[in-house]
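# Topology and contacts: notes
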Amino acid sequence: MRTFLIFLSLFLIPGSCTTTQQQSTTDSDLKTSEAGETGIIQTELMGTAKEVPSLAKVYEKYFNIGTCVELSQLMGTEGELLLKHFSSLTAENIMKPKYMAPSEGTFTFDNADKLVNYALENNKLVRGHTLVWHNQNAKWMFYDQNGNKVSKNVLLKRLETYINTVVSRYKGKVYAWDVVNEVVDATALRKSEWLEIAGEEYIEKAFIYAHRADPGARLFLNEIDTIERIKSENICKLVRKLLDRNVPIHGIGLQFHITLHYPGLQAISEALKKYNDLGLEIHITEFDMSLNADPDFKAGKAPEDLLIRQAHRYKEIFDLFKTYKNITNVTFWGFHDGHTWSTYFPVTKKDWPLLFDRDFKTKYAFWGLVDPSRLPKDVVINNDSKNNFKAYAKKGTPVIDGMEDEIWKKTGDMNITIYVQGSGSHGTGKTLCYYG
Ligand code: GLA
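Just so it is clear, the model here is predicted, and its values are computed rather than measured. (Residues numbered from 1 in each chain as written. Predicted model: local features only at pLDDT ≥ 70, side-chain atom pairs only at ≥ 80, totals over all residues. Heavy atoms only, no water.)

## Description of the overall build of the protein
- For the protein, the helix and strand inventory stands at 13 helices and 19 strands.
- The proportion of buried residues among the 436 residues of the protein is 53%.
- For the protein, restricting intrachain contacts to residue pairs at least 6 apart in sequence, the fraction spanning at least 24 positions comes to 72%.
- Carbon and sulfur atoms form 51% of the exposed surface of the protein, whose accessible area is close to 19,600 Å². (Helix = DSSP H or I, 4+ residues; strand = E, 2+ residues; numbered from the N terminus. Buried < 20%, exposed > 50% of the residue type's maximum accessible area, 1.4 Å probe, protein only. Contact = heavy atoms within 4.5 Å. Areas by Shrake-Rupley, 256 points an atom, 1.4 Å probe, with all protein chains shown as cover.)

Okay, structure coming up:
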């Protein structure tokens, strides 16, 4: 037993203390091998993605499992993964107004038709994404022939024609539409050309037009950063207003582009409660978990411990989702790390946000969702009744202030108790940490 003074923040503030964990070798059937380009340690037990259980089947009694796709991904190994693991598809780009209506009076349906037909032939649901957004929109809608901004009436008429044409075409085929995307800001409605020209009314009009075109489609307001406390209140306020005005809105879409550390599970749980209280359906529409959100983190391959933590975090969040009957679809924004928007945003970098690696093999994240018993242990921290923390950690090497801890390096698995001194509930107090 050794007494050791550390700051509680080492454990509670992400990034301030990292533990390089080594893969458990206690299961005799776990043989490690380097897997391809990513350098991610894979196991033979994990096998190739084709041989593993279907993600969609594992979750079918809770919700549909979806992913966004590009047309190029419908074939080959990617196509096989899609068919096996997902029950719902969203067009990553091709159903956005920029591509569906490149100029006034011109609709280009070929690509969207291909995707929708593929989905229906293969018994998949289609989420339509998206009818109104401030990005990737049909710019021409806002301007007249002289380049001046059009009037509110003209804009709403164009919107009606657009929505009516697109939604009618896929009537009975697209089961849910993200009618409006990212229309709310932290504290107000998002400033956009829509808001500037048409005022707040464009939002309810979009829902009304969509409902008229396909009364059977489920209509969603899709939002980003939905876990932020003030923003979530703002979103709920808008939705309640729409419901009070009998606007045909059936659900909230929560995008869920998150990182390994943020937002915390508690914040996610509180936000979900709020959305659930609206009584509407909830779709998680764009789930991914960046491992490389920190601009100073320039790893060429993902550290093993981060991949393991990612798996546990995916599992914790899915466990939470499972407690909500109103969550009926959980869609990932992509399915393998070789194809993710996170490579390009906000800066070009390598990232590992999804369930399959660049070689289409299952990552720990996948196993966290289909069979967590196969995961190496994570550091688990539980509060006891006196607000102390009990943790269990696999053998590892903590790096504290840039220095590897020599003694811990020599130990095996261990139990840790952290005694909080003072008001350290948010990681500011000093603590005594016993381990052994
Ligand atoms: C937003 C949009 C998506 C997609 C992602 C990033 O979340 O809703 O359509 O563009 O950004 O790729």
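## Some points on the confidence of the model for the protein
- Of all residues in the protein, 74% have pLDDT values of 70 or greater, and the mean over the chain is 82.
- Low pLDDT, under 50, characterises residues 417–436; the predicted model gives this stretch 68 contacts beyond four residues in sequence or across chains. (pLDDT = per-residue confidence, 0-100.)

## Considering the pairing of strand β8 (residues 176–181)
- With six of its six residues buried, β8 lies for the most part within the structure.
- In this structure, strand β7 (residues 125–132) lies alongside β8, joined through four bridges in parallel fashion. Counted as the bridge partner of Val 132 is Val 180 from β8.
- Note: β8 against strand β9 (residues 218–223), five bridges, orientation parallel. If you follow Trp 177 over to β9, its bridge partner there is Leu 219. (Pairing = 2+ DSSP bridges.)

## Considering the side chain of Glu 182
- Summarising the element assignment, Glu 182 is placed in the loop between β8 and α7 (193–198).
- Although Glu 182 is buried, it forms no salt bridge, and the closest oppositely charged side chain is Arg 190 at an N-O distance of 4.2 Å.
- Within polar-contact distance, the side chain of Glu 182 engages the side chain of Trp 133 at 2.7 Å.
- Once residues within four sequence positions are removed from consideration, Glu 182 is found in contact with Trp 133, His 134, Arg 190, Asn 222, Glu 223, Ile 224 and Gln 255. (Lys, Arg positive; Asp, Glu negative; His and termini not counted. Salt bridge = Lys/Arg side-chain N within 4 Å of Asp/Glu carboxyl O. Polar contact = N/O pair within 3.5 Å; in protein donor to acceptor, adjacent residues only side chain to side chain.)

## Observations concerning the pairing of strand β6 (residues 88–91)
- Of the two faces of β6, the one carrying Ser 88 and Thr 90 and the one carrying Leu 89 and Ala 91 are both buried.
- Taken together, the four bridges between strand β5 (residues 64–69) and β6 define a ladder with parallel strand orientation. The partner of Thr 67 across the bridge, within β6, is Leu 89.
- Crossover handedness for the path β5 to helix α3 (residues 76–85) to β6: right-handed.
- Sheet analysis places β6 next to β7, joined by three bridges and oriented parallel. (Right-handed = clockwise from strand over helix to strand, strands pointing away.)

## Here we look at the environment of Lys 315
- Tracing the backbone through its elements, the reader meets Lys 315 in helix α11 (residues 304–322).
- According to the relative accessible area criterion, Lys 315 is partly exposed, its value standing at 26%.
- C-alpha separation for the pair Lys 315 and Val 370, spaced 55 residues apart in sequence, amounts to 8.9 Å.
- Lys 315 has contacts with Gly 368, Leu 369 and Pro 372, leaving out every residue within four places of it along the chain.

## Section: the site of the ligand
- In the vicinity of the ligand, the contacting residues are Lys 96, His 129, Trp 133, Gln 136, Asn 181, Glu 182, Gln 255, His 257, Glu 286, Trp 333 and Trp 341.
- Between the ligand and the protein, one listed contact pairs an oxygen atom with a side-chain N or O atom of Gln 255 at 2.7 Å.
- One of the side-chain N or O atoms of Glu 286 is found 2.5 Å from an oxygen atom in the ligand.
- Relative to its free-state accessible area of 300 Å², the ligand is covered by the protein chains to the extent of 89%. (Near = heavy atom within 4 Å.)

## Details of unusual backbone geometry
- At the junction of His 129 and Thr 130, the peptide bond is cis and its omega measures out at 0° in the coordinates.
- That bond from Tyr 262 to Pro 263 is cis: its omega, 0°, falls within 30 degrees of zero.
- Backbone geometry at Gln 136 places phi at a positive 45°, although glycine is not the residue there.
- Looking at where Gln 136 falls in the secondary structure, it is placed in the loop between β7 and α6 (152–169).

## A short note on α11
- End to end, α11 covers 27 Å across 19 residues, agreeing with the expected 27 Å (1.5 Å per residue, within 8%).
- With 14 of its 19 residues buried, α11 lies for the most part within the structure. (Expected span 1.5 Å × (residues − 1).)

## Looking at the packing of aromatic side chains
- According to the stated counting rule, one finds 23 aromatic pairs in the structure shown.
- Taking the centre distance of 6.3 Å and the plane angle of 55° together, the rings of Tyr 59 and Tyr 62 count as tilted.
- The class of Tyr 62 is partly exposed, set by a relative accessible area of 33%.
- Arranged with centres 5.8 Å apart and planes meeting at 75°, the rings of Phe 63 and Phe 318 form a pair that is edge-to-face. Highlighted residues: Phe 63 in the loop between α2 (55–58) and β5 and Phe 318 in helix α11, separated in sequence by 255 residues. Both residues of the pair, Phe 63 and Phe 318, count as buried.
- Taken together, the ring pairs in this structure connect Tyr 59, Tyr 62, Phe 63, Phe 256, Phe 287, Tyr 314, Phe 318, Phe 321 and Phe 332 into an aromatic cluster.
- Over the aromatic face of Phe 220 sits the side chain of Arg 127, whose NZ or CZ is 5.2 Å from the ring centroid. (Phe/Tyr/Trp six-rings, centres within 6.5 Å; stacked < 30°, edge-to-face > 60°. Lys NZ or Arg CZ within 6 Å of the ring centre and 35° of its normal.)

## Considerations on the environment of Gly 199
- Within the secondary structure, Gly 199 is located in the loop between α7 and α8 (201–213).
- As for Gly 199 and Leu 189, which are separated by ten residues in sequence, their C-alpha atoms are 9.7 Å apart.

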